Amino acid sequence: MKTEYSALMQIAAKPEITFTEGKGSYLYDAKGNRWLDFVQGWAVNTLGHCPEVIARAVCAQSRKLINPSPAFYNDQTVLLANRLTELSGMDQVFFANSGAEANEGAIKLARKWGQKNRNGAWKIITFQNGFHGRTLATMSATGKPAFDDLFNPKVPGFTKVPYGDLDAVTAAIDDRTVAIMLEPIQGEAGIIPATTEFLQGLRALTDKRGLLLMLDEVQTGVGRTGTMFCYQQHGIEPDVVTLGKGLGGGVPIAALMAKSSACCFEYGDQGGTYNGNPLVCAAALAVLEQVSADGFLSRVQAAGKRIVDGLVDLRDQFDLGEIRGAGLLLALETPGFDAPALVKRALESSLLLNAPRPHTLRLMPSLNVSDGEIDLMLEQLGDLLAEARGHSG
Ligand SMILES: *Cc1c(COP(=O)(O)O)cnc(C)c1O
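Below is a short write-up of the structure. Numbering of residues starts from 1 in every chain and runs along the sequence as written. pLDDT decides what is reported in this predicted model: residues at 70 or higher carry local features, side-chain atom pairs at 80 or more are listed and counted, and totals for whole chains, interfaces and linings draw on all residues regardless. The basis for the side-chain values is all heavy atoms of the structure; hydrogens and waters are excluded.

## A look at the packing of aromatic side chains
Which entries qualify depends on this criterion: The pairing test for Phe, Tyr and Trp rings, Trp by its six-membered ring, is centres within 6.5 Å, and the orientation test on the planes gives stacked under 30 degrees, edge-to-face over 60, and tilted for anything in between. Three labels apply to residues, based on accessible area from a 1.4 Å probe with only protein chains included: buried if under 20% of the type maximum, exposed if over 50%, partly exposed otherwise in between. Should the NZ of a Lys or the CZ of an Arg lie within 6 Å of a ring centre and within 35 degrees of the ring normal, that charge is described as sitting over the ring.
All told, the structure shown has seven aromatic pairs when counted by the stated rule. Here the aromatic rings of Phe-229 and Tyr-231 are separated by 5.8 Å at their centres, their planes lie at 5°, and the arrangement is stacked. Judged by relative accessible area, which is 0%, Phe-229 ranks as buried. By the ring-pair criterion, three or more aromatic residues cluster together here, those being Phe-127, Tyr-163 and Phe-198. The ring of Tyr-26 carries Arg-34 above its face, with NZ or CZ at 3.8 Å from the centroid.

Now the structure itself:
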């Protein structure tokens, strides 16, 4: 059997390693090499690799019902929608297969809402360096400069303003504006948290001007930042929230949730063959059961604090920069150190890290990462920094 990488469309530079197994915080290749994983499917594997609860849920569900078609209700999708509305304070849910698809749905919902309630308004204010996905509309909503010249013409109607600048948002509103969409922590930009003041300011502004406030919690949702949803730390409730990544714990499922005042889809507006199928909903129910269990989120906060304390020590030792984030979505600025080179060396020494920026490391372990695994990561990172400093003289 041929196993050439070239049979795959080459869409990103990847190391020449083929992973075959995962368990908890570790990934393995066929030769039995082992990596300590602080990427976890890109903040996806909420409970680590192949957790028993997901394996059991998916196995059992695959023997009962996999897909009756989205034209019919199924028990798992109904249970999951009810659980999510209870946990979030939103009123209704539409399930999707990826974060981009959930955001695409949010954009459509906002346009529909503008047609019905705002005289056909359709423009959405988004933010510089924000990230919302890779469909054409979500790339258009994304504020990543590298996307500017790709796949033009883009979907029109996205006005980008500086993140955190309430005056710029206010100035960007016109009678065609229908919504403001943002991440409560910009993930791909390098873990840039919004302040409570900014989020509350946006809530007050959208209320005053009759606009929708839409939060992209694809990366921050489902316990990642130490609360079930990140907005719960800021004393606000948005009109629309999207989830992805951590929701299925590695199984592809995403969600668009909204308050009833924003739920305006009519028959035929939205759908999808796989949306809300019971197989993936069963996985998400298993994830939510764990994350909402007593003590789970306080444990995420404690693990986050343990990492931050360790990073503070490394910062003092190596003259590093800012430590940012919340819960187990953390970043460390590495001035004087090439972060992608550190990530490459880490990979060679059996540790998986991520560098979203040339001088930024991002950590996104499983939410049930152990203290021992955290300490091991910190020790390895310290060794890598010492080695890199040795090289630069
Ligand atoms: C990853 C991500 C997306 C896109 O999700 P996909 O499942 O890759 O389509 C959208 N928004 C944010 C904030 C993300 O981190």
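Text resumes after the structure shown.
## Side note on empty space enclosed by the protein
Worth spelling out the cut-off: Points on a 1 Å grid over protein atoms alone make up a cavity when a 1.4 Å probe fits among them but cannot get out, and a pocket when they form an open set with protein on both sides within 12 Å along at least five of seven lines; lining residues each have an atom within 4 Å of a point. Grid points are joined across faces, edges and corners, and a volume is the space filled by probe spheres set on the points. Each residue is assigned to one of three groups, with Ala, Val, Leu, Ile, Met, Phe, Trp, Tyr, Cys and Pro labelled nonpolar, Asp, Glu, Lys and Arg labelled charged, and all others, Gly among them, labelled polar.
All chains considered together, the criterion is met by one cavity of 30 Å³ or more. Contributing to the lining of the largest cavity are Ala-43, Thr-46, Val-218, Gln-219, Gly-221, Val-222, Arg-224, Gly-246 and Leu-367. Considering only residue class, the lining of the largest cavity consists of four nonpolar, four polar and one charged.

## Description of the sheet that holds strand E12 (residues 254–258)
Either a parallel or an antiparallel arrangement is found when strands of a sheet pair, and the pairing is made through backbone hydrogen bonds. Basically, it comes down to this: Strands are labelled as partners when DSSP assigns at least two bridges between them. Secondary structure follows DSSP: runs of H or I at least 4 residues long count as helices, runs of E at least 2 residues long count as strands, and numbering of each begins at the N terminus. Here an axis means a line fitted to C-alpha atoms, over the contact stretch when the element is a helix, while the angle between two N-to-C directions is reported on a 0 to 180 degree scale. Throughout, a contact is declared for two residues whenever any of their heavy atoms are within 4.5 Å.
Overall, mixed pairing links the seven strands, which are arranged E4-E12-E11-E10-E7-E5-E6 in an open sheet. The open sheet has two free edges, formed respectively by strand E4 (92–96) and strand E6 (158–161), since each of these has just one partner strand. In this sheet, adjacent strand axes meet at a mean angle of 20° when their direction is disregarded. Docked against the sheet, helix H7 (residues 196–209) engages strand E5 (123–127), strand E7 (177–182) and strand E10 (212–216), running at close to 165° with respect to E7.

## Regarding the environment of Asn-45
How we decide: Any pair of N or O atoms that falls within 3.5 Å is considered a polar contact. Within protein, one atom must be able to donate a hydrogen and the other to accept it, and sequence-neighbouring residues count only if both atoms are side-chain atoms.
Tracing the sequence through the fold places Asn-45 in the loop between helix H1 (40–43) and helix H2 (52–64). According to the relative accessible area criterion, Asn-45 is buried, its value standing at 9%. Separated by 200 residues in the primary sequence, Asn-45 and Lys-245 place their C-alpha atoms 7.8 Å from one another. If near-sequence neighbours (up to four positions away) are discounted, Asn-45 is found in contact with Gln-40, Gly-249, Gly-250, Ser-366 and Leu-367. For Asn-45, the side chain forms a polar contact with the side chain of Gln-40, separated by 3.1 Å.

## Focus on the sheet that holds strand E13 (residues 323–326)
If you trace the four strands from one edge of the open sheet to the other, you get E13-E14-E17-E16, paired in antiparallel fashion. A strand with exactly one partner marks an edge of an open sheet, and here the two such strands are E13 and strand E16 (354–357). Each adjacent strand pair in this sheet contributes to an overall mean axis angle of 25°, direction not counted. Judged from the four bridges that link them, E13 and strand E14 (residues 329–333) form a sheet pairing that is antiparallel. In the strand pairing of E14, Ala-326 is matched with Leu-329. Where helix H10 (residues 339–348) meets the sheet, its contacts fall on E16 and strand E17 (360–363), and the angle it forms with E16 comes to roughly 170°.

## What about the environment of Gln-10?
Along the chain, Gln-10 turns up in the segment before strand E1 (19–23). In this structure the side chain of Gln-10 is engaged in a polar contact, spanning 3.0 Å, whose partner is the backbone oxygen of Tyr-5. A polar atom in the side chain of Gln-10 sits 2.9 Å from the backbone oxygen of Leu-8.

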